[in-house]
Amino acid sequence: MNEQIIILDFGSQYTQVIARRIRECNVYSTILRFDTPAAEIARMNPKGIILSGGPNSVYTKDAPLPDKAIFKLGIPVLGICYGVQVFAQFLGGKVEKGQKREYGKGTLTIADKACALFKGLPEQSQVWNSHGDKLTRLPKDFVVVATTENSDYAAIEHTQRKYFGLQFHPEVVHTPRGKEIIANFVHGICGCGKNWTMRSYVDQAVEEIRAQVGKERVILGLSGGVDSSVAAALLHRAIGDQLTCIFVNNGLLRAREAEVVQEVFGRHFKVKLQYEQASALFLRKLKGVTDPERKRKIIGRTFIEVFQAATKRAGKAKFLAQGTLYPDVIESVPIAGNPAAMIKSHHNVGGLPKSMKFKLVEPLRCLFKDEVRLLGLELGLPKEIVYRQPFPGPGLGVRVLGELTTDKLRITREADAIVVEEMKASGLYYKIWQSFAVLLPCRSVGVMGDERTYDFTIAVRAVESQDGMTADWVKLPYDLLEKLATRIINEVKGVNRCVFDITSKPPGTIEWE
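Below is a summary of the structure that appears in this document. (Residues numbered from 1 in each chain as written. Predicted model: local features only at pLDDT ≥ 70, side-chain atom pairs only at ≥ 80, totals over all residues. Heavy atoms only, no water.)

Next up on the list: the sheet that holds strand S12 (residues 272-277). Reading across the sheet, the five strands line up as S12-S11-S10-S13-S14 and stay open at both edges, with parallel pairing between neighbours. Two strands lie at the open edges of the sheet, namely S12 and strand S14 (359-361), each paired on one side alone. Adjacent strand axes in the sheet meet at a mean angle of 30° when their direction is disregarded. On the sheet, helix H9 (residues 292-314) packs against strand S10 (218-221), strand S11 (243-249), S12 and strand S13 (319-321) and is oriented at approximately 145° with respect to S11. (Pairing = 2+ DSSP bridges. Helix = DSSP H or I, 4+ residues; strand = E, 2+ residues; numbered from the N terminus. Axes fitted to C-alpha atoms, helices over the stretch in contact; angles between N-to-C directions. Contact = heavy atoms within 4.5 Å.)

In the structure shown here, the tally under the stated rule is 24 salt bridges. Linking Glu-511 and Arg-399 is a salt bridge whose minimum nitrogen-to-oxygen distance equals 2.8 Å. With Glu-511 in the segment after strand S18 (495-500) and Arg-399 in the loop between helix H12 (383-386) and helix H13 (406-426), this residue pair connects regions lying 112 residues apart in the sequence. Take Glu-511 and Arg-399: they sit in the same class, and that class is buried. (Salt bridge = Lys/Arg side-chain N within 4 Å of Asp/Glu carboxyl O. Buried < 20%, exposed > 50% of the residue type's maximum accessible area, 1.4 Å probe, protein only.)

Take the environment of Pro-477 next. Tracing the chain through its elements places Pro-477 in the loop between strand S17 (472-473) and helix H14 (478-491). A residue is classified by how much of its surface remains accessible, and Pro-477, at 38% relative accessible area, is partly exposed. Here the alpha-carbon distance between Pro-477 and Val-213, two residues 264 residues apart in the chain, equals 51 Å.

Below, the discussion takes up the side chain of His-158. Inspection of the secondary structure assignment puts His-158 in strand S8 (residues 151-158). Setting aside chain neighbours within four positions, we find His-158 in contact with Lys-140, Asp-141, Phe-142 and Tyr-163.

Structural data, given as structure tokens:
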């Protein structure tokens, strides 16, 4: 990586958004803890540093502060919100609790049109504020370059040293011209080119994989999901037949899922694919189980059992590959109410036992989800895989409420296929987070062809979300809902009623179990 911007994380909920905005400028970004030593940062040779926001006040006893030596590295620094207050703490300014808090929209008025940070911006524009403290005295040799209604120091600059501070958040969508501000910093001020592209990343990743793996063999648990599929394609590009992918058919898959995986990876990419048919085993172990948590645990344990046996049949391998993404490996900053205080544990696929002595290969560990999708397209994966909607690990096991049977899984699978088909036909499938069918554990009376029926009910679920943590139900057009209900009832044997779920998360969850 020839050029990169370092982001020091002070616990802001927006830190990852800053990283993504920089990468949208085709510049690589790395998130580090706020207290990373300046010497370590210097070894990474960044073109600039961004100090993130955070929930603390810089004047409190236990405030998180960076290594002061970062201000002696001779590279541009941008402080955002709490970050600009760090400038004040170290360089002679003053921060105090504001008489009025600034939360929400504000109007930025540029005082110095020559400021490189605001190149191309109008004199006034909307910004997003989220702070209670404010700068009350400028650090030495800093000047004001912009103000807001409640802040005389909304943006400050040390021209000679290329230090900039913003009291607002340019990274969020509520600051409409914020991307331009960040682009001005990374390109105009830090001098970065536009070298971070998926095409360049492929070449770099292939070299790194080959250097790590050498001539050893690698095993990958291929689920058919986006992450494992892209990881498989990238690894195969790098090491070819040294890679063996293991695909476990647990009988809880969507329609044609097993066939698609075998077609794309086995016949098209010519990946060594070991297909494990374990449907009967999973259903046998799930017989009579209705509690959703018990179902999840049984599915998880059975997968481990099947996968472990499959790795032995695959032959000796030194490495296990995983589709771990960047948000999974960023160390969360445990300060001031930030609830995540450790790196998420992603050491084994599905919690594989430590007795499986593999070294890890994680070729996607520096990518965000949207970048993984772009990488998949670059590697030649079809859009149907790269942009498929999220699918739960336990599969249809948590979309058939109550006990699982072969017939209930058939009903759900057929109904779900209709939902996917009609959502794609409507143009909505790739625009929302998830849309799927759920089989309810009850029957109701119906009339079909002048005959009384007593059959199951399908619930259709469609939600919009950014990360799956919260979600809003999608107001599907009435004609689409009518078509879904008509097709499901007419084409899926065993269903006589269709309902639409209008519950958001919270209070509900995205999946029903």
